[in-house]
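# Results of the structural survey
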Amino acid sequence: MGKKAAVIGATGATGQHLVIELGDCGYYDKVQTFGRRLVGYPSSLVEEHLIDFDRPETWSSLIQADDIFLCLGTTLKTAGSKAAQYKVDFDYQYAFARCAREAGATRIFVISSPGASPKAKGFYLRMKGELDEAVKKLGFETTVLIKPSLIRARREDQRVGEILGDLFLTPLCKLPGLRRYRPINAQELARAITIIATQIESPAAEYVLDDIQSVLPEGDPPLERNA
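Structural notes, computed from the coordinates. (Residues numbered from 1 in each chain as written. Predicted model: local features only at pLDDT ≥ 70, side-chain atom pairs only at ≥ 80, totals over all residues. Heavy atoms only, no water.)

## Some details on the packing of aromatic side chains
- All told, the structure shown has 8 aromatic pairs when counted by the stated rule.
- Relative to W59, the ring of F53 lies with its centre 6.3 Å away and its plane at 70°, an arrangement referred to as edge-to-face.
- What makes F53 buried here is its relative accessible area of 5%.
- Residue class for W59 comes out buried when judged on its relative accessible area of 0%.
- Ring centres of Y86 and F90 lie 4.9 Å apart, and the angle between their planes is 20°; on these two criteria the pair is classed as stacked. Of this pair, Y86 and F90 both sit in helix α3 (residues 82–102), 4 residues apart, roughly one helical turn.
- The exposure class assigned to Y86 is partly exposed, which follows from its relative accessible area of 23%.
- Taking relative accessible area as the criterion, F90 reaches 13% and is therefore assigned buried. (Phe/Tyr/Trp six-rings, centres within 6.5 Å; stacked < 30°, edge-to-face > 60°. Buried < 20%, exposed > 50% of the residue type's maximum accessible area, 1.4 Å probe, protein only. Helix = DSSP H or I, 4+ residues; strand = E, 2+ residues; numbered from the N terminus.)

## Let's talk about the pairing of strand β2 (residues 28–35)
- Most of β2 sits inside the fold, with 7 of its 8 residues counted as buried.
- In this sheet, β2 lies alongside strand β1 (residues 3–8) in parallel orientation, the contact comprising 6 bridges. Counterpart to A5 in the pairing with β2 is V31.
- Inspection of the sheet shows β2 paired to strand β3 (residues 46–50) by 5 bridges, in the parallel sense. Residue pairing across strands places F34 opposite H49, the latter belonging to β3. (Pairing = 2+ DSSP bridges.)

## A word on helix α1 (residues 15–24)
- Within the span of α1, buried status applies to G15, L18, V19, E21, L22 and G23.
- Where α1 is buried, its residues meet β1, β2, β3, β4 (67–70) and α6 (186–199).
- Backbone geometry just after α1 places G26 at a positive phi near 85°. (Contact = heavy atoms within 4.5 Å.)

Next comes the structure, spelled out in structure tokens:
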């Protein structure tokens, strides 16, 4: 019997590509998604669940996964406050991870960030670091932290800061010591995460950008700029 996966953040820049990659890779016989809106994926392997993250008692029993993937996130601008962003990026993701572990999931893959640390001075990196440390304590057999930098994607809510960051980071990250902060496109990241989860027998505990790029086969499509 094949493995099962569950994804939150499946409507986001990386998550939407990840669901497709997981469904197509031949490793899983079911890919569940949990979110606040439905997508309508063409694959018969994808099982979508429309949920209220604030009410885990209504959806925790639906999780049937060996591997879970945390791709959920929002921006401070969209959330409206740091407290609201923390609720999405930390509270919802941690609650899902805890429920999935209680339901029998054994591996967790988390999209984090380079520089994430509970001791970071910046709010975003501190929040990411707190989530990283919290999920490590849940007792998964395997915990993998994926740490890309800026993720290039075509978004409905095009973010000026990301466009400017892309323009400035790309040449700047050619400097020694800054390569891990260069942008990566969402589809490429999703493919790398799928390879790490399904083709590497014992994944490392952490993958920074160079590690992520190294698992991709040669000839994959080039990075796309925000547009």
